[in-house]
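Residues per chain, in single letters:
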Amino acid sequence: MSKETMKAVTVYGPSLAKMEVVPKPRATGDMLVIKVKRTGVCATDLSIFTGESSFIRRGEIKIPCRFGHEWAGVVESVGEAVTKFKPGDRVYSDNFVSCGKCAACARGDYMSCGDIRSVGTIKCWDGCYAEYMQMPERHVFSLPNELSMDEGALIEPASIAYDAFKGVALTEKSTAVIYGNGAIGMISAWLAKYYGAGQVIVVGRNDEKLKLAYPIGADAVINNKKEDAVLRIRELTNGRGADLIVETSGAESALRDSILATARYGRISIVSFYERDLNNIPMDPLVHGCISLVGAAGCDGNAPAVCKIMCENPVKLTPIITHHIPFESCIDVFENQPKYNSEKIKIMIDFD
Ligand SMILES: [Zn+2]
Ligand SMILES: [Zn+2]
């Protein structure tokens, strides 16, 4: 392969992705070119591949799409205007790229940029199922030496879950319940414990995955295929219900149960996409219980905040990585999703 090209994966249509040789990005101006070391596979990536993503249906994600947005790597080259990084630096990035030119960008309010693009998703900035990433310096952060590349690639999903806890004060007396035994669910359990919840309960449908919640910080797990989770949560909280529920499963039934299992004045944070409108949601118990229902999808500043927590927290998140797949065979993860479903929490794509 010439020095000017690299391999990258592009989604071309429902269940069609190709690994191709494409031009390698260049480091000019304030841009860095970064050798990707790890890419995390996200449920959003899987739904872009199958075409089920609601963002595709709404035309917000355009096909073909060079997807992938959870990653970490090593700086290979820097543009002439870059001041904070040099080749060899270990880095991770935001999951969005602002235009860098408008009034909002000038005052550093990147989330208000009128031309913001998401890495590997909406208004797609070329994503990280690729050997190299190009990113502007303002969206790149240095990865501390004490964190591994695996942890670096977990910062993005953790930065999404992070929003679920904003404005919530958890104490020794609080119960936090997490719906979903996927990666965002596990990360939410890890954050709930870090923030001091006395009791952290993870609700899921897979005993093997639920077991992995304990080393992350869970005090109890509930398999809601086998037990009535609402009843069990009421039991574990002396009838009170949960102070915080983080709904990460994207299942309508989980949102319904969340409303029925939340304490009066409690909060439900939703960190999942449902990919459709919902019907059977009991609104009156929500209103009567004065329950807050909050969406959480990540924002500017979260990634460095999560990186700091990873450094401070002696509890490691890495047990949620259930698979390492070499980049050369990463399309298999998309083409043969059922093969991985029963065991996977976070699949990591390795580039070396
Ligand atoms: Zn993601
Ligand atoms: Zn802008």
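Note that the structure is predicted; figures quoted are calculated from it, not measured.

1. What to know about helix α1 (residues 43-50)
No. 1: With 6 of 8 residues buried, α1 is to be regarded as a mostly interior element.
No. 2: For α1, the set of buried residues is Thr 44, Asp 45, Leu 46, Ser 47, Ile 48 and Phe 49.
No. 3: In this structure, the buried residues of α1 make contact with β1 (5-13), β2 (16-23), β3 (31-41), α2 (54-57), α12 (331-335) and α13 (337-341).
No. 4: Directly beyond the C-terminal end of α1, a positive phi value near 90 degrees is found at Gly 51.

2. Section: the sheet that holds strand β12 (residues 220-223)
Adjacent strands of a sheet form backbone hydrogen bonds with each other and so pair up, either parallel or antiparallel.
No. 1: The 6 strands lie next to each other as β12-β11-β10-β13-β14-β15, forming an open sheet whose pairing is parallel. Only two strands of the sheet have a single partner each, and these edge strands are β12 and β15 (292-295). Across the sheet, the axes of successive neighbouring strands diverge by a mean angle of 20 degrees, strand direction being ignored.
No. 2: Examined bridge by bridge, strand β14 (residues 262-270) and β15 share 4 bridges and lie parallel to one another. Within β15, the position partnered with Ile 268 by the bridge is Leu 293.
No. 3: Helix α5 (residues 183-194) contacts β10 (175-179), β11 (199-204) and β13 (242-247) of the sheet and is inclined by roughly 170 degrees relative to β11.
No. 4: Relative to the sheet, helix α8 (residues 229-236) contacts β10, β11, β12, β13 and β14, its axis offset from that of β12 by approximately 160 degrees.

3. Things to note about the nonpolar core
No. 1: In this structure, Ile 155, Phe 165, Ile 187, Trp 190, Met 310, Leu 317 and Ile 320 are the most contacted members of the largest nonpolar core, which totals 47 residues.
No. 2: Sorting the residues of this core by element identifies β4 (70-78), α4 (149-161), β10, α5, β11, α7 (213-216), β13 and α11 (302-312) as the ones contributing at least two each.
No. 3: Two domains each donate at least three residues to this core, and these are domain 1 (5-159 + 299-350) and domain 2 (167-295).
No. 4: Contact partners of Ile 155, with chain neighbours within four places excluded, come to Tyr 92, Leu 143, Ala 303, Val 306, Cys 307 and Met 310.
No. 5: Of all hydrophobic cores here, the second largest spans 39 residues; its members include Phe 55, Ile 325, Phe 327 and Ile 349.

4. Overview of the coordination of the zinc ion (ligand 2)
No. 1: At 2.3 Å from the zinc ion (ligand 2) lie its protein donor atoms, namely Cys 99 (SG), Cys 102 (SG), Cys 105 (SG) and Cys 113 (SG).
No. 2: Going along the chain, you hit the donors of the zinc ion (ligand 2) in the pattern C-x2-C-x2-C-x7-C.
No. 3: In this structure Cys 105 comes out as buried when scored by relative accessible area, which is 6%.

5. Points about the domain arrangement of the protein
No. 1: Once the domains are mapped, the protein shows domain 1 (5-159 + 299-350) and domain 2 (167-295).
No. 2: Once you take the C-alpha centre of each, domain 1 and domain 2 turn out to be 28 Å apart.
No. 3: Taken together, the contacts link 24 residues of domain 1 with 18 residues of domain 2.
No. 4: In this assembly, domain 1 packs against domain 2 so that about 1,800 Å² is buried in total across both faces, 69% of it on carbon and sulfur atoms.
No. 5: If you sort the residues of domain 1 by the area they bury against domain 2, Ile 309, Leu 317 and Ile 345 come out on top, with a joint share of 29%.
No. 6: Across the contact surface, domain 1 and domain 2 share 0 salt bridges.
No. 7: At the surface where domain 1 touches domain 2, the tally comes to 7 residue pairs in polar contact (both at pLDDT 80 or more).
No. 8: Those elements that provide at least two residues to the side of domain 1 that touches domain 2 are α2, α4 and α11.
No. 9: Of the residues that constitute the side of domain 1 that touches domain 2, the class distribution is 10 nonpolar, 7 polar and 7 charged.

Conventions adopted
- Residues numbered from 1 in each chain as written.
- Chains lettered and ligands numbered in written order.
- Predicted model: local features only at pLDDT ≥ 70, side-chain atom pairs only at ≥ 80, totals over all residues.
- Heavy atoms only, no water.
- Buried < 20%, exposed > 50% of the residue type's maximum accessible area, 1.4 Å probe, protein only.
- Helix = DSSP H or I, 4+ residues; strand = E, 2+ residues; numbered from the N terminus.
- Contact = heavy atoms within 4.5 Å.
- Pairing = 2+ DSSP bridges.
- Axes fitted to C-alpha atoms, helices over the stretch in contact; angles between N-to-C directions.
- Core = buried A, V, L, I, M, F, W, Y, C linked by side-chain atoms within 4.5 Å.
- Domains from an automatic or database assignment.
- Donors = N, O, S within 2.8 Å, 3.2 Å for Na, K, Ca; no water.
- Buried area = accessible area lost by both parts, 1.4 Å probe.
- Salt bridge = Lys/Arg side-chain N within 4 Å of Asp/Glu carboxyl O.
- Polar contact = N/O pair within 3.5 Å; in protein donor to acceptor, adjacent residues only side chain to side chain.
- Nonpolar A, V, L, I, M, F, W, Y, C, P; charged D, E, K, R; others polar.

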